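What follows is each chain in one-letter form.
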Amino acid sequence: MTRLALTPRRVVLGVLAVVLAVVVLYIPQYFVEFRTAQFTSVIAISIAVLGLALLTGFNGQISVGHGAFFGVGAYTTAILTADHGWSHLSTVPVAMILCLAIGVMVGLPALRISGLYLALVTLALATLFPLVIQKYSDVTGGSTGIGVPDFEPPDWASGLTEDQWAYYVILAFAVVTFVLVRNLIRSRVGRAIIAIRDGEVAAEVLGVNLARYKVATFGISAMIAGLGGSLFVMNTAVLDRVDPSQYTIARSIEFLAALVIGGAATIMGPVLGSLFIVFVPEFSSDINAELSRVIFGGVLIVMMLVLPGGVLGGLTRLEAGTLRRLGRDRQWRRLRATAAEADSPDPDGSPTVDGAAT
Amino acid sequence: MIRSNRSRAFVALLAVLALVAAACGGGRSDSGGDNNNDAAAANTDTADAEYLHLDSCDGDFTQGVTADTIKIGSSYPQSGTFAAFAEISTGYQAYFDYVNEELGGVDGHQIEFVSLDDGYEPGRTATNAQRLVNEEGVFALFNVIGTANNLAIWDNLDEECVPNLYTGTGSPLWGDPNHPWTIGSYPSYSLEGKLYADYLIENDPTATVAFLTQNDDFGRAYVDTFKQSIEGTDIEVVGEETYEIANTDTSSQITSLAATDADAVVLGTTALACPTTLNAINGTNWDPTIFISGTCTSPTLVGLAEPGAAEGIISITTLMDPRDPQWDDNEAMALFQEKGREYGGPDIDLENTIVAYGWTMGALLVDTLSNATELTRPAVMEQALNLDNVIAGVTLPTSPFNTSQGEDKFLWENVQLMQYNEDLGYYEFIGDPVDFEGQTAELAPEDLLTP
Amino acid sequence: MELFFNQVINGIQQGAIYAALALALVLIFRSNSLLNFAQGEMAMFSTFIAWILADNGFPVVFAILAAMAVSVVGGAIIERTLIRPVGSDNVLAIVIVTIGIFIATNALAGWIYGTDGRVFPRIFANESLVTFGDVTVTQETTGIIAILLVVVGLLYLLFQHTKVGLAMRAVSSNAESAQLVGIRVGRILMLGWGLAAALGALAGSLAAPQLNLSLNLMQGLLIYAFAAATLGGFDSPLGAVVGGLIVGVTQTLAGQYIDFFDGFELGSAFLLILVVLLVRPQGLFGRAVVTRV
């Protein structure tokens, strides 16, 4: 294995990563309790949005119903901890497996329904979820909800307060999940998943088993969303209850919004998008409660018209545009170089090809 | 390619985090630090100190009070479907303005009122409550609307010993002695169930009854208490239907109930389901005695019913109806009409009982603050828990506010049965006011008393 | 037995309203090949416009027609400014944009009109037209269905016997070819949205007397309307009406006679959508779509 060269780019990346890590770890030490709890919910939501990114951004299956999986995970944890005395972390595998199963069950009929129709079906599913909660109110507490036991730090971490503990635990889960999903996307499986999005017929011709991949992606995506929901509920410092109003169609729309705002087919996009949808409505609501929702809808629309690649996509374009203008774009330079070489005879032979490639 | 994306992503993240930090500020302190709690605690007698668990309080007892102001906060829906509740605030805002202008505030302290929008979502209420207490530094929370919403905040508020006064819900839950810092306002929905049952037992002892209720604890309060109250009598329940909050078209349920031809129907409904249900009943041949939730009786809701649909509906009240001429010469009503108009602006709807409720709550709050021995949280809470025949705002002269610390946290237990007269345009009283003083906890079915 | 008939009539009554909104959904799909998740909110907004006109003294029918006219313009503008730039291929973007319009329109309506419910004047009285024993069919229900059938007839005439209709069919079938033969595709797309918006305004005005006009007017209906359009076939106006009535009756009867759906009627609509999309995706009256690979 060759040693990784220390290119300037890699150094910058490394420094940025370290700075970011320090900042992220410092947040619960810096902010007040409820703000820290807000950041914790951002992290939990970003996990769910990552699940959606896998399905919708990378695999092209549109889901307006991930709020329902989020809710299943949330209620699973709530019911098991509140009514059956389970410890919080032990409910996570249950929530994940349950959502995996439901995701596969939804993914199967989804094979035959695509595009806008799938969006419709998932929308209906998400609308039904709070009704299901109400229907089985004996178990779920109905519209009043269930009180969730506090997620306290254990003895070995007694230096941390409740909100700090929740933050670090959920952050740990998030880091692991993001790394795993990133590796998945970069693997052969990931390439197959993306190939299906870009052209089902072509993918099938190339030997990708459509049904297996699509259903599996649906299941995994739902499982990740369920993980997000389960962790969301453990953020008990500020909110120690579940109730259906947290898991309505609005939640699904929020996820979709976070996805496209951050950047639909990116790994870090969900984090950016989640920060946006948690903090911006609060600030805009302070300015004017009713108009803030108009602005939110407007932002979604404008986003699709102007920055279909989300903020990250927009940054990419911005960077490319600025570099080009500064004359420091590698592509431009190579083109100019090859043009210059074409004018004057080149002692070495034919001009390089790769400059014109990408 | 992915590498470049990542560094851009990191930069973007750092930028956003910096923005948030700038907008929200840090402010985390390690311990409670010096506060005035010891002094305030010393002024409270031991029984109260114990009931209010003063020794385990996190917060600062005099937060939000300066030399000449006192800061009060609330969280309620200001946008979205439930924003109709925001009209309550027009009533108490007008009262606060009146008190600030003409009475010099509360003992020389101008009332500073801050409110945040929660869209009726308990999750947002929880964050709002924390913001109000920790960022805005309010003294107390007031009239937070919604049962689930208050459930989301009462644990934290109790830990921090912040008064959560006069919540805008009639759930029997607020009688819970384990949360001494939260106190409700509305007469409990279960009282209505009992009242309607008693009325029928007296006037039509062999009546058959049907129910249409909302599919949640609110609706269940009516059904369960009613059924509990008719045990052993000849009243028979012949039909029960429910509806979902989101779907206010109850015509199928009414068709179903109409087939039972019950003598009476109890409508545990609220918001837009009220007029649609009345219309649905009106459209059938069924002609039952209609008992309807007190939350339906405002003109904004009843006014939406078809002509004749609301005629004769029976409900309860604890407020003077601005449209009822018997109060034309009443001092408190005159004050409401005059000062409400002066400080509420031209748009305030002074005929609306919702606004009258808000005004009354504002008056109750001011009364509580004024009569507390000092402006500290324990003292104010002690006052709220020991109200003695307090008349405030436009509450009925026969519906004073009464609480008794440790025994009865329900403050509005004297209710008046009333019946709507469409020609007159207001509700006429039926019989004498009914005194349920101290009985709400007994009357409510067990499972409604704990969340 | 009487209860059964009463519930069937109830179902037809509610179904007529689903059918009205479904007509708008079908029209947009037929002419612009997309599902508009914002159709209901746009309809609600237009209904408020009609209400304001009626409240200021204009006769109801005039108010509704005026609101429909305004909606045509509004719909066309939305298509031109918000939908066209996105492009018809980017399905995710279309979904996001229509959801964004949903949110913005609802919030805008809340900001402009407030959140109180209002009474919407009736065109047809809520009195019985025909009575069989204890079962009544109201004038209102019959009137709504009659209007919807007239609209279906007009749409049929439009699509089959006018040049504009022909152009619309051409555009939805193959926009590029249509452009090549000289059809102004942009204008046609705007017309599609405009007409659908007008139908939405009509749907809202027909539903509002019974449900009371408020921000929520269409939200409870949207899924049912989608179920109606799915069942009838997304490109068949007649299907929308028939589908609406069937969905209405199904959900009432399901709620009455099947315990599982009692208080959970939306579940029956969802089941219907699922079954239709899996078994016969083109619905009852739609045309099966064959995709060339």
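Only a predicted model underlies this, so the values are computations on that prediction, with no experimental measurement involved.

Cut-offs applied
- Residues numbered from 1 in each chain as written.
- Chains lettered and ligands numbered in written order.
- Predicted model: local features only at pLDDT ≥ 70, side-chain atom pairs only at ≥ 80, totals over all residues.
- Helix = DSSP H or I, 4+ residues; strand = E, 2+ residues; numbered from the N terminus.
- Rg over C-alpha atoms; globule rule 2.2 N^0.38 Å.
- Buried ≥ 20, exposed ≤ 12 C-beta atoms within 10 Å, placed from the backbone.
- Contact = placed C-beta atoms within 7 Å.
- Pairing = 2+ DSSP bridges.
- Nonpolar A, V, L, I, M, F, W, Y, C, P; charged D, E, K, R; others polar.
- Core = buried A, V, L, I, M, F, W, Y, C linked by C-beta atoms within 7 Å.
- Right-handed = clockwise from strand over helix to strand, strands pointing away.

**Q** Outline the overall build of chain C, listing residues and values.
**A** If you tally the helices and strands in chain C, you get 11 helices and 2 strands. Starting at the N terminus, the α and β elements of chain C follow one another as α-α-α-α-β-β-α-α-α-α-α-α-α. Taking 19 Å as the expected radius of gyration for a compact globule of 293 residues, we find that chain C reaches 19 Å, a close match to that expectation. The principal-axis extents of the C-alpha atoms in chain C amount to approximately 60 × 50 × 35 Å. Counting across all 293 residues of chain C, residues that qualify as buried make up 58%. Across chain C, contacts joining residues at least 24 apart in sequence account for 72% of those joining residues at least 6 apart.

**Q** Lay out the sheet that holds strand 2 (residues 110-117) of chain B with the relevant residues and their values.
**A** All names here are of chain B. Across the sheet, which stays open at both edges, the 4 strands sit in the order 2-1-3-4 with parallel pairing between neighbours. The open sheet has two free edges, formed respectively by strand 2 and strand 4 (164-165), since each of these has just one partner strand. Alignment of strand 3 (residues 140-142) against strand 4, held across 2 bridges, turns out to be parallel. Looking across to strand 4, one finds that Phe 142 is bridged to Leu 165.

**Q** Please give an account of the interface of chain B and chain C that cites residues and values.
**A** Each side of the interface is counted separately: chain B has 24 residues, and chain C has 23 residues. Going through the elements one at a time, helix 10 (251-258) and helix 11 (273-282) of chain B are the ones with two or more residues in the side of chain B that touches chain C. Residue composition of the side of chain B that touches chain C, grouped by class: 7 nonpolar, 14 polar and 3 charged.

**Q** Could you give me a rundown of the nonpolar core, with the residues and numbers involved?
**A** In this structure, Ala19(C), Ala20(C), Leu21(C), Ala22(C), Leu23(C), Ala225(C) and Ala228(C) are the most contacted members of the largest nonpolar core, which totals 295 residues. Those residues in contact with Leu23(C), other than ones at most four positions away along the chain, are Leu148(C), Val151(C), Leu199(C), Ala203(C), Pro237(C), Ala240(C) and Val241(C). Ala258(B), Leu272(B), Leu304(B) and Ile316(B) belong to the second largest nonpolar core, which has 54 residues in total.

**Q** Which residues make up the pairing of strand 2 of chain B, and what values do they have?
**A** Residues and elements named next belong to chain B. Across 8 bridges, strand 1 (residues 69-76) lies against strand 2 in parallel orientation. Of the residues in strand 2, the one forming a bridge with Thr 69 is Gln 110. Remark: the strand 1/helix 4 (residues 87-102)/strand 2 crossover connection has right-handed handedness.

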